[in-house]
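# Coordinate inspection notes
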Amino acid sequence: MDNARNRREVLQLGIVGGLGALIEGVGFAGEPSAAELSSTKVATGEAPIRTRVFWTWDHSTEWALNRLGAHTHGSCNEYGRTRGTFIEDYTTLLRWCGRHNIDAVVVWGLLRDCHGGLESAKRLCDVAAKENVRLLCGVGLNAYGGVYYEGDSPHNLERHLQAHPELLSVDADGKPLCFQVDADGRKTNITTVGMPGPRGFYQACPSRRENQDFAMESLAWLFKNLPLGGVQIESGDTGICQCKRCRDRRKHSPADFSWFSWEDMGLMYPLAAEAIRSVAPDAWIVCETYSHPQPYTGPDKAPQFGDAKPVWADAELAKFPRGAFVQWVCDRFLDDGPTGPTWTAEGRVSDAEHRNIMRAHCSTYWWGIRGELALQRIARMVQKSAASGFDAVSLFGEVSPFCTGAELNYLAMADFGGAGNPKADIDSFLRRVAAPLLGGLDNAHDFVRLARLLDDRKQIPAALTDIYGRLPKLPPSAARRWCWLANHLASFVEPSPA
Ligand SMILES: [Zn+2]
């Protein structure tokens, strides 16, 4: 999950990070990288990336167009669309994935009373099966509503904690760890009690056996009642319990506030896998780390979302269920240089016990602008990931491909690291995939060049004249994509007085 702290930092850094300049290089300091990659998997014709995943929140997913209520950002929001739109959004998305080489879709907020609970989720499982796509339910084990995200269900975490307030996580002062965070990053403690629902962040104490049992029973119920492809599980990145049991259990539990705990993951993920596999032995289990595999060697501190992995975390990683996917995040590590951390050869993952997924927040307000073209960052993510032992990647999939920026990002993820483009080469992608969509190869190169003018907005008015001049010569489908770019660019310049 993307935590509130990350949201605040992204608000501060997002414009620069999300619209970063074209990254020309492939390699990075000390990596096995391009040459080694060429001499191993690429030379044999094997595709380095085998699995591609879309990651979504229900409330921000907008594939059925011209409907009310979609959020453009956030986690744990209320659901503002209709039940019918929920089905249409994900039916359209799953069909696109089935036809475009995307293997799995994570849905956070899959189970809510307001959009049909189990019945709607079953319908989407049917669509996913037909399209040969794995539908993965996002499940917070100690947070994020549990298995049943919102509603009057015994498998809703907030309901469980309201019935058993003694099982809540507490802060260092012994007060329940329940709060909301607004878009400016302000935290407000929750003092009201109401109907079960996503009214902020609630955490269950992971040390309490009752909460462990609740998570395991809920997961078993989930797989008995839904033919899911799997789950993405998280231990919570909105604060960790500081009760005596938790502090005694953890060797690395700082006194000040900490967003997440590797030791909580090492405790809870094996329990979750045991419960899931007792019902669905073939389910994919994706275990979130909120971290990058680059070893962190600085002074001991509480890790934050997207940080390097503390060296001691390897002992917890070894407890993760064998055969599961371990999910990492690389946003900050795509900006090697004076301002960002460096992803070196030490940030390599092993596939001996687990498979590994690398995830980035490209083309979202978590890290940039929702729907923007992000080919360079996606290529860099795939290149670095493949060179570091990853065989799976994940991107947000909330925006409809009617938005051409999102469409090209998705098609690039489907292409990069595959048999047709093992080195994630942008020119190859433009030639083989984008050119037919944009009016030819020259137009495809121009499209990418002009999309980067968000970094140089003085050039946008002249670029708009250029784009409008191209439209009469383009076939209708290409012209529509260029119209998207023109309106996207125009929305960033001061409108002229009427
Ligand atoms: Zn505790």
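All values derive from a computational prediction rather than experimental measurement.

About the cut-offs
Residues numbered from 1 in each chain as written. Predicted model: local features only at pLDDT ≥ 70, side-chain atom pairs only at ≥ 80, totals over all residues. Helix = DSSP H or I, 4+ residues; strand = E, 2+ residues; numbered from the N terminus. Buried ≥ 20, exposed ≤ 12 C-beta atoms within 10 Å, placed from the backbone. Contact = placed C-beta atoms within 7 Å. Pairing = 2+ DSSP bridges. Axes fitted to C-alpha atoms, helices over the stretch in contact; angles between N-to-C directions. Expected span 1.5 Å × (residues − 1). Arc of directions from axis to C-beta. pLDDT = per-residue confidence, 0-100. Right-handed = clockwise from strand over helix to strand, strands pointing away. Parallel < 35°, antiparallel > 145°, perpendicular 65-115°, else oblique. Left-handed = near helix turned anticlockwise from the far one by under 90°. Nonpolar A, V, L, I, M, F, W, Y, C, P; charged D, E, K, R; others polar. Core = buried A, V, L, I, M, F, W, Y, C linked by C-beta atoms within 7 Å. Domains from an automatic or database assignment.

## Quick look at the overall build of the chain
When you go through the chain residue by residue, the secondary structure sums to 15 helices and 13 strands. Burial analysis of the chain (498 residues in total) assigns 51% to the buried set. Taking the contacts inside the chain whose residues are at least 6 apart along the sequence as the reference set, 75% of them involve residues at least 24 apart.

## Points about the sheet that holds strand β1 (residues 51-57)
Around the barrel, which closes on itself, the eight strands sit in the order β1-β2-β3-β7-β8-β11-β12-β13 with parallel pairing between neighbours. Strand-to-strand, the axes of this sheet are offset by a mean angle of 25°, without reference to chain direction. Bridge count between β1 and strand β2 (residues 104-108): five bridges; the pairing is parallel. Its bridge partner being in β2, Thr 56 is matched across the sheet by Val 107.

## Focus on helix α6 (residues 209-225)
Because the α-helix completes a turn every 3.6 residues, residues three or four places apart line up on one side. For α6, spanning 17 residues, the distance from its first C-alpha to its last is 24 Å, which sits close to the expected 24 Å at 1.5 Å a residue. Within the sequence span of α6, burial applies to Asn 211, Gln 212, Phe 214, Ala 215, Ser 218, Leu 219, Leu 222 and Phe 223. Viewed end-on, α6 has its buried residues packed into an arc of 160°, placing them on one side of the element. Among the exposed residues of α6, those oriented more than 90 degrees off its buried face are Arg 209, Glu 210, Asp 213 and Lys 224. Packed against the buried residues of α6 are β3 (134-140), α5 (157-163) and α8 (262-279).

## A look at the sheet that holds strand β5 (residues 187-189)
Strand order in the open sheet made by the three strands is β5-β4-β6, with antiparallel pairing throughout. Two strands close off the open sheet at either side, each with one partner strand: β5 and β6 (201-202). By the bridge criterion, three bridges tie strand β4 (residues 178-181) to β5 in an arrangement that is antiparallel. The residue bridging Phe 179 from the neighbouring strand is Asn 189, located in β5.

## Quick look at the confidence of the model for the chain
Overall, the prediction assigns the chain a mean pLDDT of 88, with 88% of residues at 70 or greater. The model gives residues 3-44 a pLDDT under 50, and that stretch makes 75 contacts with residues more than four places away or in other chains.

## Digging into the pairing of β3
The buried fraction of β3 is high, at seven of seven residues. Side-chain alternation along β3 places Arg 134, Leu 136, Gly 138 and Gly 140 on one buried face and Leu 135, Cys 137 and Val 139 on a second face that is also buried. Two strands pair when backbone bridges link them, and β2 and β3 are joined in this way by four bridges, in the parallel orientation. Bridging across to β3, Val 105 finds its partner in Leu 135.

## Comments concerning the pairing of strand β12 (residues 355-359)
For β12, the tally of buried residues reaches four of five residues, placing the bulk of the element in the interior. Pairing geometry for β12 and strand β13 (residues 392-396), over three bridges, is parallel. Bridge pairing in β13 links Met 358 to Val 393. At this point the chain moves from β12, through helix α10 (residues 375-387), to the parallel β13, and the crossover so formed is right-handed.

## Focus on unusual backbone geometry
Residues other than glycine seldom take positive phi values, yet Asn 132 does so here, at roughly 60°. As for its placement among the helices and strands, Asn 132 is situated in the loop between α4 (117-130) and β3.

## Topic: the packing of helix α3 (residues 83-99) against α4
At their nearest, the axes of α3 and α4 sit 10 Å apart, and the two run at 15° to each other. In terms of orientation, α3 and α4 fall into the roughly parallel class. Helix-helix and strand crossings are classified by hand; for α3 and α4 the assignment is right-handed. Residues Arg 83, Phe 86, Ile 87, Tyr 90, Thr 91 and Leu 94 of α3 touch α4, and the partners they reach there are Ser 120, Arg 123, Leu 124, Val 127 and Ala 128. Here the residues of the contact of α3 with α4 sort into seven nonpolar, two polar and two charged.

## What about the packing of helix α11 (residues 404-415) against helix α12 (residues 426-438)?
Put simply, α11 and α12 touch, their axes get as near as 11 Å, and they point 120° apart. Between α11 and α12, the interaxial angle falls into the category oblique. Pair α11 / α12 crosses with right-handed handedness. Two secondary-structure elements touch here, α11 through Leu 408, Leu 411, Ala 412 and Asp 415 and α12 through Phe 429, Val 433 and Ala 434. Of the residues in the contact of α11 with α12, the class split is six nonpolar, no polar and one charged.

## Here's the deal with the nonpolar core
Counting residues in each nonpolar core, the largest one holds 136 residues, and the members touching the most others are Val 105, Ile 285 and Ile 378. If one sorts the elements of this core by residue count, α8 sits on top with nine residues. Two domains each provide a minimum of three residues to this core, namely domain 1 (4-424) and domain 2 (425-498).

## A few points about the environment of Ser 207
You can see Ser 207 is positioned in the loop between β6 and α6. Note on Ser 207: 21 C-beta atoms within 10 Å, which makes it buried. The spatial distance from the C-alpha of Ser 207 to the C-alpha of Arg 245 is 6.3 Å, given a sequence separation of 38 residues. Apart from residues lying up to four places away in sequence, Ser 207 is in contact with Cys 243, Arg 245, Cys 246 and Arg 249.

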